[in-house]
Amino acid sequence: MWHLTRLVLLFGVFVFSVGGQFRLGGAKGQYKYKRGKSGEEVVQDNLDELCQGQPGSEYFRLTTDGDCREVVRCDKAAVGLRLASVKCPSGLGFDLERQTCDWKANVKNCDRLSKPRLVKPNFDTVEPVCPDGQLQCGNGECIDRSLFCDSQPDCGDGSDENACSVDEDPNGAPLCDPTQCLLPDCFCSVDGTSAPGVGSGRLEISNIPQMITVTFNGAVNDENNRVYDKLFHEERINPNGCTAKGTFFVSHKYTNYSAVQDLHRKGHEIGVFSITNDEDPKYWTEGSYDNWLAEMAGARLIIERFANITDGTVVGVRAPYLRIGGNEQFNMMADQFFAYDSTITASLASVPLWPYTLHYRMPHKCHGNSQNCPSKSHPIWEMPINELDRREDPEFDENLTGCHLVSSCSNIYHKDQFRHLLQHNFERHYGTNRAPLSLSIDPSWLVSNKGFA
């Protein structure tokens, strides 16, 4: 019989390691499990073979039989190598591409055991194998270094386009150099947590005001406009006496452009959120330059035309579902004179991140499943979304992931919990490096949660 030895809640599904005895059969062979002497150990006859080449963070299937709900990953724990398992709730299936549970009808890879493995180039060799200025493809061919990660396969096996992440791209942006990256056009720090001016001694943290950005994304219409009127009323003012303002990343579908014009007239910032709001994540993460151009530059043209915004202030971009489009997105933004992006999220940490420019390499990990962060240098500001700490008792070290949108904090049900969330995260930013606190909200969440605005 099965014995559950570890149990934690991760993204709404149970993750557990399994003891006891049972067998699973699949395309990879027969695998036998038994409970170890310690009660915690999972022993498998050929576990090393099964996990060879499998990233520790990536889930895969042991069999394509069944209902597509169960996957495992290779967990290199302190007691040794073992399998950790995920089982999606009833009615859902596990999507290997996105590494998350979704409605069964939306999962198109139930017939696959794992994500496809791409051929990688040979960057790390004991001795040089190519002439100066060249690198080796996965098939042993040598080509010019400049041809790697240029969106055009030049190796016979296409491997020159398969190692292009922020940490892999051989032609990627350099590490931060504070002596060369100077405000107002450029800003970076080694780990992204340093406030502008503090490292040089020109400013003290105590002299920096705590900024809060309130942003919304999606359609602007009569229903959510009533919430905005309630939220940004004339009596809600900043310490300097100015009324509070928000940023609205507007999508085309269902938008009332007269309401957008009115928001702009009242002093709110308008940004773009795409025309189609396409639901396919790959449409954004693997989108071409032309797709991003049509979606974002096209959305700006529509906003400027139908909301009569003619002052050139529509300069911000946020991608739907916070799916980053890699270098193609940021190449388009630079060519079209967009000033900043606010799509990239930063995982919950003890010290939040300050905004930075992408002249140099991102100072943090590319956060999220199957994201496509820019690896090259771009003259674009990034306003990162620092994840919020949603623990109800911050003094208790509860194992809870952060939430990037306020509206994605799934444990917030009551307005008192909402108030506590805002207060705690304000104090967390104010008490460390005073990085801007990003409150990114889906307007439909405020509409459905009465009393939160």
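The structure we're discussing is the one just above.
Now for a description of the structure that goes with this document. It should be emphasised that the depicted structure is a prediction, and the values quoted were computed from it without experimental measurement. (Residues numbered from 1 in each chain as written. Predicted model: local features only at pLDDT ≥ 70, side-chain atom pairs only at ≥ 80, totals over all residues. Heavy atoms only, no water.)

### Considerations on the packing of aromatic side chains
Then, in step 1: Overall, the coordinates contain 15 aromatic pairs when judged by the stated rule.
Then, in step 2: Here Tyr228 and Phe248 contribute two aromatic rings whose centre-to-centre distance is 4.7 Å and whose plane-to-plane angle is 70 degrees, an arrangement assigned as edge-to-face. Taken as a pair, Tyr228 in helix H2 (residues 222-231) and Phe248 in strand E13 (residues 247-250) lie far apart in primary sequence, 20 residues in all.
Then, in step 3: For Phe248, a relative accessible area of 1% gives the class buried.
Then, in step 4: Through a chain of ring-to-ring contacts, three or more aromatic side chains come together here, namely Phe216, Tyr228, Phe232 and Phe248.
Then, in step 5: For Arg300, the ring lying beneath its charged end belongs to Phe338, and the centroid distance is 3.9 Å.
Then, in step 6: The ring of Tyr430 has Arg434 lying over it, and the distance from NZ or CZ to the ring centre is 3.9 Å. (Phe/Tyr/Trp six-rings, centres within 6.5 Å; stacked < 30°, edge-to-face > 60°. Helix = DSSP H or I, 4+ residues; strand = E, 2+ residues; numbered from the N terminus. Buried < 20%, exposed > 50% of the residue type's maximum accessible area, 1.4 Å probe, protein only. Lys NZ or Arg CZ within 6 Å of the ring centre and 35° of its normal.)

### Thoughts on the pairing of strand E12 (residues 212-218)
Then, in step 1: Within E12, 5 of the 7 residues are buried, which leaves it mostly tucked inside the rest of the structure.
Then, in step 2: Relative to strand E21 (residues 437-441), E12 runs parallel, the two sharing 5 bridges. Along E21, the bridge assignment pairs Phe216 with Ile441.
Then, in step 3: Direction of pairing for E12 relative to E13: parallel, over a ladder of 4 bridges. Within E13, the residue paired with Thr215 across the bridge is Thr247. (Pairing = 2+ DSSP bridges.)

### Things to note about helix H6 (residues 326-335)
Then, in step 1: Buried residues of H6: Gly326, Asn327, Gln329, Phe330, Met332 and Met333, and no others.
Then, in step 2: On its buried face, H6 is in contact with helix H5 (289-306), strand E15 (316-317), strand E16 (340-341) and strand E19 (381-382).
Then, in step 3: Immediately downstream of H6, the backbone of Phe337 shows phi near 65 degrees, a positive value. (Contact = heavy atoms within 4.5 Å.)

### Focus on helix H3 (residues 257-265)
Then, in step 1: Along H3, the residues classified as buried are Tyr257, Ala259, Val260 and Leu263. One face of H3 carries all of its buried residues, which in axial projection span an arc of 150 degrees. Looking at H3, the residues exposed on the side facing more than 90 degrees away from the buried face are Ser258 and Arg265.
Then, in step 2: Immediately beyond the C-terminal end of H3, within one or two residues, lies Gly267, with a positive phi of roughly 100 degrees. (Arc of directions from axis to C-beta.)

### What about the state of the cysteines?
Then, in step 1: Tallied over the entire structure, the rule returns 10 disulfides.
Then, in step 2: Cys137 shares a disulfide with Cys155; S-S distance 1.9 Å. For the disulfide bridge between Cys137 and Cys155, the dihedral angle about the S-S bond is near -75 degrees, and by the sign convention the bridge is left-handed. Here Cys155 lies in the loop between strand E11 (142-144) and E12 and Cys137 lies in the loop between strand E10 (134-136) and E11, a separation of 18 residues in the sequence. The same class applies to Cys137 as to Cys155, namely buried.
Then, in step 3: Here Cys181 engages in a disulfide with Cys186; their sulfurs sit 1.9 Å apart. Its torsion about the S-S bond being -100 degrees, the disulfide of Cys181 and Cys186 is classed as left-handed. For the pair Cys181 and Cys186, one class covers both residues: buried. (Disulfide = S-S within 2.5 Å.)

### What to know about a positive patch on the surface
Then, in step 1: There is a patch of like positive charges on the surface, built from Arg226, Lys230, Lys415 and Lys450.
Then, in step 2: Residue position: Arg226 is located in helix H2. (Patch = residues over 30% accessible without salt bridge, like charges linked within 9 Å, V, L, I, M, F, W, Y side chains within 5 Å. Areas by Shrake-Rupley, 256 points an atom, 1.4 Å probe, with all protein chains shown as cover. Salt bridge = Lys/Arg side-chain N within 4 Å of Asp/Glu carboxyl O. Lys, Arg positive; Asp, Glu negative; His and termini not counted. Charge placed at Lys NZ, Arg CZ, Asp CG, Glu CD.)

### Focus on the packing of H5 against H6
Then, in step 1: Contact geometry of H5 with H6 gives a least axis separation of 8 Å together with a crossing angle of 55 degrees. Judged by the inter-axis angle, H5 sits oblique to H6. Between H5 and H6 the crossing geometry is right-handed. Residues Tyr289, Trp292, Leu293 and Met296 of H5 lie in contact with H6, whose contacting residues are Glu328, Gln329, Asn331, Met332 and Asp335.
Then, in step 2: Split into classes, the residues belonging to the contact of H5 with H6 amount to 5 nonpolar, 2 polar and 2 charged. (Axes fitted to C-alpha atoms, helices over the stretch in contact; angles between N-to-C directions. Parallel < 35°, antiparallel > 145°, perpendicular 65-115°, else oblique. Left-handed = near helix turned anticlockwise from the far one by under 90°. Nonpolar A, V, L, I, M, F, W, Y, C, P; charged D, E, K, R; others polar.)

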